[in-house]
Amino acid sequence: MTNSPQTRGQISIKDVVKIYDPEGAAVMAVDHCSLEIAAGEICMIVGPSGCGKTTLLNAIAGFHSINGGSIEMDGQLLCGPGKPQATPGSDRIVVFQNGALFPWKNVIDNLMFGPLMSGKLPFNEIKEKALYMMADAGLSGTENSFPGELSSGVKRRVEIVRALMNDPSVLLLDEPYRALDSLSKSVMHEALLDIYAKNKVTIFFITHDLQEALFLGTKLAIMTTRPCKPKKILTVDIPYPRSYSVVTEKRFRDLMEETSHLVHEEAKKSFAAGEKEG
Amino acid sequence: MNKIMLKLNLNLREESLIRKLLSPRFFLMITGFVIFLCFWHLSVEVWQLPRFAQLPTLRAVVTEFISTNPIYGVSIFTHELYQHILASCLRVFAAFILATLLGVPLGLFLGWSTKFREYVFPVFEMLRPIPILAWVPLAIVMFTGIETPVIFLAFLGSFFVTALNTMLGVQQIDESYFRAARCLGANSFQVFKHVVIPGAMPFIFTGLQISVGVCWFSLVAAEMVSGQYGLGYIINTSYTNVRYPTIIIGMITLGFIGYITSAMVRSVGKSLMKWRMRELALSEG
C-alpha cells in the first residue's frame, strides 16, 4: 500500500525436492518441481488431495525444509543450497486450511497482532489501520467478537485482513474456502478479488476446485499426484474485474474443458494410490 | 448511560437467579439430596441394614450438628469447628497457591520445550505416582514443626496434577497457531506469551479444579497423620475417642468446603476465559 507492491512478491521455485522419511520409508512428496510466479500474480495450484501442494506451500512459508533445489523471492534466496529451511516472516503470510485466528483474542487484537509483534508502528496507528482495513473489507462491527462467534466466511475474511495488515509480498492460501458451502464460496471469491484489486499482493492459492481456480487465478498450475510437480501451467486470460457471471462465458468454459480432463486424470491416479485427504 | 447499563445488568442478574431457583435443575439437585438423606436415614435407623447399623444416624448427626450444647463438643455453634475449618483452609490456601505458582510454569515449559521435557519429564513421571502417604516420613524429616510438613504434603498432591494438566494443555494447542504467530513475525518469547499461555488456559483451569480437590484430599491424609487442628485431625481424633457423629460432621464440612473452593476456581477460570465461555455457549445453543 505504501510502496508499489507490484514489484514485490516474485517467486521462483527451481527443482525443489522434498522427501519425507518418517519411518525409514522415504516418500517423495515433491519431485523436481519448478514454477515461476510473477509479482502481483494470483497463481492457483490445483491438484488432487494429498498430492504435496501443501508441502510446497510449507517450504515457501518456512515451516519445513527441502531436500533439493531452491526457492527465491524477489531475487533473495528463501531456501536452497546451504539453507534447507526458510525463516518464517511477515513478508509471506499463510492463511491456513482450518483457520488460525487466535480464538483467545478478539477480532481487533487478532488484526493488530502482526504489527504489534514487529513493533515498528505505535499502538494508535496500528489500531487506526486495523479499523480502516476492517471497514474496507466490510467487517466493521465485529471488532470485539471472538473468532468462535463468527461464521466461517467472516473468519476467513478476518484472517486475510490479518495477513494484509503486515503488507506482505505474498499471501499463501491453503484451501481457505474448503469448509464453505458453494454459495458462501462465491461470495468469498468476489471479496478476495476485491481485496486483491485494492492491495495487489502476489497470491499463491492451493485448491482442488478447478472452477474456483479458473475464476480467481491469473495463472493455473495443475499438479500431478504424488510426487508433486506441475503437469501443465497455463495463463487464465480473462480480464479483471471478474464477476461471478464469468463462469457462463465461452472463454471460461473453453478453459474448463481444456483443463478438467487433466485434473480428473490425476485425481483418478491419486484415488488408485489410496492417498489420504489432507 | 453507564448507570443504566449497570442497573440493567443487576436486573438481569436477579432475574437469572430467580430463574435458576425455578429451573428443573435446581429441583433435581434438591431431589438428589433428599433421596440420599432418606437412604441414610432408612438404612441406618429404620431398616438397620448389615454394615450400616453401626453408623451414626442421620438424626443423631443433625441434632449434634445444630446443637448449641453438643455432646461431643463440635457443632455449628462452637468456636472449635471454625478453628478447625480455618486451620485447614489456611493450609490448603498456602499449598494450592504454591502448587499453582510452581506447577503452572513447570507445566508450560514441559509442554513448550522438547529438550526440557526430555530432561525433566521422566523424573516427574516417576515421582508422580508415589502416594502422598508414602511421603509422610520424608516430610517429617525434612520439615520441622507441624504446619510445614502438612502443607508440603498437600502441596505435592496438587503440584503434580497442575503441572501435568498444564503440560497437556500446551501440547494440545494446534500447530497452526504456532505457525501463524511465526508468520506474523512473533519471536519465541512472544509466541510463549501470546500462544502458549492463553492456548493452555482451558486445560490449566481444568487441572486447577482437580488440583484443589487433590489438595484437600492430601491435606486430610496429612492431618490425620500429624497435626493439632484441622478437619482431618478432628475426623481422626473423633475416631480414636469414639465420637462417631463428629466424624460425620467433619466429613460433611469437608465436602461442603471442598465444593466451594472448586466452584471458586471455576469462576476465576470463567472470568479469565471470556472467549472460551462465549464459544461454549454458542456451541450449546
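What counts as what
Residues numbered from 1 in each chain as written. Chains lettered and ligands numbered in written order. Predicted model: local features only at pLDDT ≥ 70, side-chain atom pairs only at ≥ 80, totals over all residues. Heavy atoms only, no water. 1 Å grid on protein atoms, 1.4 Å probe; cavity = no way out; pocket = protein on both sides within 12 Å on 5 of 7 lines; lining within 4 Å. Points joined across faces, edges and corners; volume = space filled by probe spheres on them. Helix = DSSP H or I, 4+ residues; strand = E, 2+ residues; numbered from the N terminus. Nonpolar A, V, L, I, M, F, W, Y, C, P; charged D, E, K, R; others polar. Phe/Tyr/Trp six-rings, centres within 6.5 Å; stacked < 30°, edge-to-face > 60°. Buried < 20%, exposed > 50% of the residue type's maximum accessible area, 1.4 Å probe, protein only. Contact = heavy atoms within 4.5 Å. Buried area = accessible area lost by both parts, 1.4 Å probe. Salt bridge = Lys/Arg side-chain N within 4 Å of Asp/Glu carboxyl O. Domains from an automatic or database assignment. Axes fitted to C-alpha atoms, helices over the stretch in contact; angles between N-to-C directions. Parallel < 35°, antiparallel > 145°, perpendicular 65-115°, else oblique. Left-handed = near helix turned anticlockwise from the far one by under 90°.

With that settled, the discussion passes to the layout of surface pockets. Residue and element names in this part refer to chain B. Volume-wise, the largest pocket comes out at about 1000 Å³. Lining the largest pocket we find 29 residues, and of these Phe33, Phe36, Leu37, Trp40 and Ile252 sit closest to its centre. Put simply, the parts of the chain that give the lining of the largest pocket at least two residues each are helix H2 (24-46), helix H3 (58-65), helix H4 (79-112) and helix H11 (244-272). Looking at the lining of the largest pocket, the element that brings in the most residues is H11, giving 10 residues. Its residues placed into classes, the lining of the largest pocket shows 25 nonpolar, four polar and no charged. Counting only elements with at least two residues in the lining of the second largest pocket, the list comes to helix H1 (2-22), H2 and H11.

Geometry of an aromatic ring pair is reported as the spacing of the ring centres plus the angle between the planes. Applying the stated criterion across every chain yields a total of 18 aromatic pairs over all chains. Taken together, a centroid distance of 6.0 Å and an interplanar angle of 20° make the contact between A:Phe63 and A:Phe96 stacked. With A:Phe63 in the loop between helix H1 (53-61) and strand E4 (68-73) and A:Phe96 in the loop between strand E6 (92-95) and helix H2 (107-118), the pair connects residues that are 33 residues apart, well separated along the chain. For the pair shown, A:Phe63 and A:Phe96 are each scored as buried. On the basis of an interplanar angle of 85° and a centroid distance of 5.8 Å, the ring pair of B:Phe39 and B:Phe52 is categorised as edge-to-face. Taken as a pair, B:Phe39 in helix H2 and B:Phe52 in the loop between H2 and H3 lie far apart in primary sequence, 13 residues in all.

In this section: empty space enclosed by the protein. Under the counting rule described, the total for this entry stands at three cavities of 30 Å³ or more. Considering only enclosed or pocket space, the second largest cavity measures out at about 40 Å³ in volume. As for the second largest cavity, its lining consists of A:Ile93, A:Val94, A:Val95, A:Glu159, A:Arg162, A:Ala163, B:Ala180, B:Cys183 and B:Leu184. Those elements that provide at least two residues to the lining of the second largest cavity are E6 and helix H4 (152-164) of chain A together with helix H8 (175-183) of chain B. Within the lining of the second largest cavity, the residues separate by chemical class into seven nonpolar, no polar and two charged.

Chain A puts 25 residues into the contact, and the matching count from chain B is 20 residues. Between chain A and chain B, roughly 2100 Å² of surface is buried when both sides are summed, and carbon and sulfur atoms account for 71% of that area. Our count for the contact surface shared by chain A and chain B stands at one salt bridge. Counting residues per element, the ones that place at least two in the side of chain A that touches chain B are E6 and H2 of chain A.

Let us look at the domain arrangement of chain A. Residues and elements named next belong to chain A. Entries for chain A in the domain assignment read domain 1 (6-91 + 169-273) and domain 2 (103-167). Contacts between the two partners involve 15 residues from domain 1, matched on the other side by 11 residues from domain 2. When the two sides are added together, the surface that domain 1 and domain 2 hide from each other amounts to roughly 1100 Å², 69% of it contributed by carbon and sulfur. Considering only the side of domain 1, the residues that lose the most area to domain 2 are Leu171, Met188 and Ile195, jointly responsible for 34% of the buried surface there.

Residue and element names in this part refer to chain B. Following both chains from N to C, one finds H4 and H11 inclined at 40°, their axes separated by 12 Å at the closest point. Our classification of the angle between H4 and H11 gives oblique. In this structure, H4 crosses over H11, and the sense of that crossing is right-handed. Facing Leu81, Ile85, Cys89 and Phe96 of H4, the residues of H11 in contact are Ile249, Thr253, Ile257 and Val265.

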